[in-house]
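Descriptive analysis of the structure
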Amino acid sequence: MTAAGDGPWLDDAAGRLVRPFTVSNGRTRPTVALDLMSQLMATGATPLGYLGLEHTQALDLCRAPVAVAEVAAHLKLPVAVTKVLLADLVDCGALTTKPPAFYHNPTDRALLEAVLDGLRRQL
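Residues numbered from 1 in each chain as written. Predicted model: local features only at pLDDT ≥ 70, side-chain atom pairs only at ≥ 80, totals over all residues. Heavy atoms only, no water.

As a packed pair, helix 2 (residues 53-61) and helix 3 (residues 68-75) sit with axes 10 Å apart at the nearest point and diverge in direction by 130 degrees. With respect to helix 3, the axis of helix 2 lies oblique. Once helix 2 is placed against helix 3, the crossing between them reads as right-handed. Between helix 2, through E54, Q57, A58 and L61, and helix 3, the contact on the second element is made entirely by V71, H74 and L75. (Axes fitted to C-alpha atoms, helices over the stretch in contact; angles between N-to-C directions. Helix = DSSP H or I, 4+ residues; strand = E, 2+ residues; numbered from the N terminus. Parallel < 35°, antiparallel > 145°, perpendicular 65-115°, else oblique. Left-handed = near helix turned anticlockwise from the far one by under 90°. Contact = heavy atoms within 4.5 Å.)

Orientation of helix 3 relative to helix 4 (residues 79-91), taken along the N-to-C sense of each, is 110 degrees, at an axis distance of 9 Å. With respect to helix 4, the axis of helix 3 lies roughly perpendicular. Between helix 3, through V68, V71, A72 and L75, and helix 4, the contact on the second element is made entirely by V79, T82, K83 and L86. Among the residues making up the contact of helix 3 with helix 4, the classes are represented as 6 nonpolar, 1 polar and 1 charged. (Nonpolar A, V, L, I, M, F, W, Y, C, P; charged D, E, K, R; others polar.)

Moving on, we come to the pattern of salt bridges. This structure, assessed with the given rule, holds 2 salt bridges. For R63, the salt bridge is made with D60, and the minimal N-O distance between the two is 3.4 Å. The closest approach of N and O atoms between R109 and E113, which form a salt bridge, is 2.9 Å. Of the two residues, R109 and E113 are both situated in helix 5 (residues 109-122); the distance of 4 residues between them amounts to about one turn of the helix. Take R109: its relative accessible area is 64%, and that puts it in the exposed class. Accessibility expressed as a relative area gives 37% for E113, which makes it partly exposed. (Salt bridge = Lys/Arg side-chain N within 4 Å of Asp/Glu carboxyl O. Buried < 20%, exposed > 50% of the residue type's maximum accessible area, 1.4 Å probe, protein only.)

Laid out in structure tokens, this is it:
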């Protein structure tokens, strides 16, 4: 079993020991508009007040530009919860956000085939 301070509260056999929405104090709506591809980056400002373990982990992940979806995957949290945590960090000035450099057409056949090829390589 993982100690409480050693990462997300996970147990090898049981999985997550804390419900994901507990991490965001039950909040489900971020205060900042973020989508899956929004890019985040740490500003270097030290956040004031209490930050939970997941806030600290998210901030560490954002040392270089990173997408919301990638942060959620690394934290092993639902995207909705991750967006709330990231919005907290944006609100306190610890993160800056911007839309992705470019948007792809989500129904672009070449893009969908590239995603499928990547998924197949993972199997």
